[in-house]
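An overview of the molecular structure
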Amino acid sequence: MKNLIDDGRPIFVQIAERIEDDIIEGGLPEEAQVPSTNQFAAFYKINPATAAKGVNLLVDEGILYKKRGIGMFVAGGARTKVIEKRKEQFFDEYVVTMIREAEKLGITADQLMDMIQRGDNKR
Amino acid sequence: MKNVIEVKQLNKSYEKFNAIHDTSFALQANKIYGLLGRNGAGKTTLMKMITAQIFPTSGDLKVFGEGPYENANVLSQICFIKESQKYPDHYNILDALDVSKSIFPNWDVNFSRSLIKDFNLPLKRRIKKLSRGMLSAVGIVIGLASRAPLTIFDEPYLGLDAVSRGLFYDRLMEDYVEHPRTVILSTHLIDEVSSLLEHILVMDNGKLIIDQDAEELRGKAFTVTGQASKVEAFLIGKETVHREPFGGLLSATVIHSENGSDQKQATASGLEISPVSLQQLVVHLTSGRSEQKEVNTK
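From a predicted model like this one, the values you see are computed outputs, not experimental measurements. (Residues numbered from 1 in each chain as written. Chains lettered and ligands numbered in written order. Predicted model: local features only at pLDDT ≥ 70, side-chain atom pairs only at ≥ 80, totals over all residues.)

Turning to the nonpolar core, a few remarks are in order. All names here are of chain B. Core analysis: the largest hydrophobic core is formed by 96 residues, its most contacted members being Tyr33, Val141, Ile200, Leu201, Val202 and Val224. By residue number, the principal contributor to this core is helix 5 (residues 132–145), which donates eight residues. Apart from residues lying up to four places away in sequence, Val141 is in contact with Ser112, Leu115, Ile116 and Phe119. (Core = buried A, V, L, I, M, F, W, Y, C linked by C-beta atoms within 7 Å. Buried ≥ 20, exposed ≤ 12 C-beta atoms within 10 Å, placed from the backbone. Helix = DSSP H or I, 4+ residues; strand = E, 2+ residues; numbered from the N terminus. Contact = placed C-beta atoms within 7 Å.)

Next up, the structure:
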């Protein structure tokens, strides 16, 4: 198993990303209850204050919402919202990086398109 | 939030040696603190003053709002587990637990018994006859089961294997969630405990050089690697804490700028970016080779 938490980035951001992944992959459908802060803390061996920070980040973005006295739930439309956000990140993290590496190796734009085509056929 | 410890301009000198130099900080209730730094940085001296085992040379020290010296009110709320805890020669583990029960008002007998099982400790064996790791485990059991409002672990893991250390961290977290309290963990194994910590204090040469939220610190630095000339150009005007040349390459660790655009600037100039773990950051900041040791934590 890949390291659950990497120590070079804020952990609350990683917790938020985990929840987002779960929402995208359907593990947490809309209106499903999200594990409690203490459950996150126990599972990932992290400080509960840190886990709360990650959950609250998604509350601020309207991806989760709080039911008083019950817990946190996935908001309606959360999946679409997360996917839109991830698409932008995908461009920055993968596309830009790929183009830069291609330049370094002298791969032309046409060749790159070609490669993407080939990669797509292999799926 | 209420402060559990308040320290103002604390100094401790031995003859001409300044063990603690003009140190000020405040610890809030119910957080887990990491007290980090190299050997001889002053961590143990600081903890001994907090627990009233030695006197400061000057400065102000308040624990639970009061001076800790000969103050039963304060001391009954503190559990301090030292690296080399001493017990009377004839004690067995059960005796140590019974004494702890009488000292610590919040002592939980059931919890102590389940910890004894977890760590496979022989209750009737004399403490003198225990292995180094078992001795450390006894300290950990007492520290956890005391549920003291201020619990301090000073390198509690000597001789403990990785499995037992993991058990310690697990039990600490599980119990902390149920019974929040202020915990100070002084350790060199930063990578192991990093994710448990909410706030970090780093001592270097008797001075407090970092007093910051752990999450802020985790995103604080990054490493850039690339052609030396490109890296040098990137480093202009930035706070560099570490540099390591390798052939024509240079790898440098820098502190994030305020506006946060520096990573994009680095990728734009074709430099490779890698994250810096808390442990690496602390090592760089306390290795004595850094160009600028005082980190601006504002």
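More follows now that the structure is in view.
The terminal C-alpha atoms of helix 6 (residues 162–178) of chain B, which comprises 17 residues, lie 25 Å apart, in line with the 24 Å expected from a rise of 1.5 Å per residue. For helix 6 of chain B, the complete set of buried residues consists of B:Phe168, B:Leu172, B:Met173 and B:Tyr176. Buried residues of helix 6 of chain B, viewed axially, fall in a sector of 120 degrees; they line one side. Summarising the geometry of helix 6 of chain B, the exposed residues directed more than 90 degrees from the buried face are B:Val163 and B:Glu178. Looking at the buried residues of helix 6 of chain B, the elements they touch are helix 2 (37–44) of chain A together with strand 3 (32–36), helix 5 and strand 7 (182–186) of chain B. (Expected span 1.5 Å × (residues − 1). Arc of directions from axis to C-beta.)

Bringing the interface of chain B and chain A into the picture now. Between chain B and chain A, the contact holds 20 residues from the first and 19 residues from the second. If you list the elements that add at least two residues to the side of chain B that touches chain A, you get helix 6 and helix 8 (214–218) of chain B. Top contributing element to the side of chain B that touches chain A by residue count: helix 6 of chain B, with five residues. Here the residues of the side of chain B that touches chain A sort into nine nonpolar, five polar and six charged. (Nonpolar A, V, L, I, M, F, W, Y, C, P; charged D, E, K, R; others polar.)

With that settled, the discussion passes to the UniProt feature "domain: ABC transporter" (unreviewed entry) in chain B. Within this structure's numbering, the places UniProt gives as "domain: ABC transporter" (unreviewed entry) are residues 5–230 of chain B. Taken end to end, residues 5–230 of chain B is 34% helix and 30% strand, and its two terminal C-alpha atoms sit 47 Å from one another. (UniProt positions renumbered as here; feature names shortened; annotations may be inferred.)

Residue and element names in this part refer to chain B. Along its 14 residues, helix 5 runs 20 Å from first to last C-alpha, staying within 8% of the 20 Å computed at 1.5 Å per residue. Among the 14 residues of helix 5, eleven are classified as buried, and the element is accordingly described as predominantly covered. The set of residues buried in helix 5 consists of Leu135, Ser136, Ala137, Val138, Gly139, Ile140, Val141, Ile142, Gly143, Leu144 and Ala145. The inward-facing, buried residues of helix 5 contact strand 5 (78–81), helix 3 (93–103), helix 4 (109–118), strand 6 (150–154) and helix 6. Among the residues trailing helix 5, Arg147 stands out with phi positive, at a value near 45 degrees.

Our focus in this paragraph is the packing of helix 2 of chain A against helix 3 (residues 48–60) of chain A. All names here are of chain A. The contact between helix 2 and helix 3 brings their axes to 8 Å, and the two run at 120 degrees. On the basis of the axis angle, helix 2 is oblique to helix 3. The handedness of the crossing between helix 2 and helix 3 comes out as right-handed. Seen from helix 2, the contacting residues are Thr37, Asn38, Phe40 and Ala41; seen from helix 3, they are Pro48, Ala51, Ala52 and Val55. A breakdown of the residues in the contact of helix 2 with helix 3 according to their chemical character gives six nonpolar, two polar and no charged. (Axes fitted to C-alpha atoms, helices over the stretch in contact; angles between N-to-C directions. Parallel < 35°, antiparallel > 145°, perpendicular 65-115°, else oblique. Left-handed = near helix turned anticlockwise from the far one by under 90°.)

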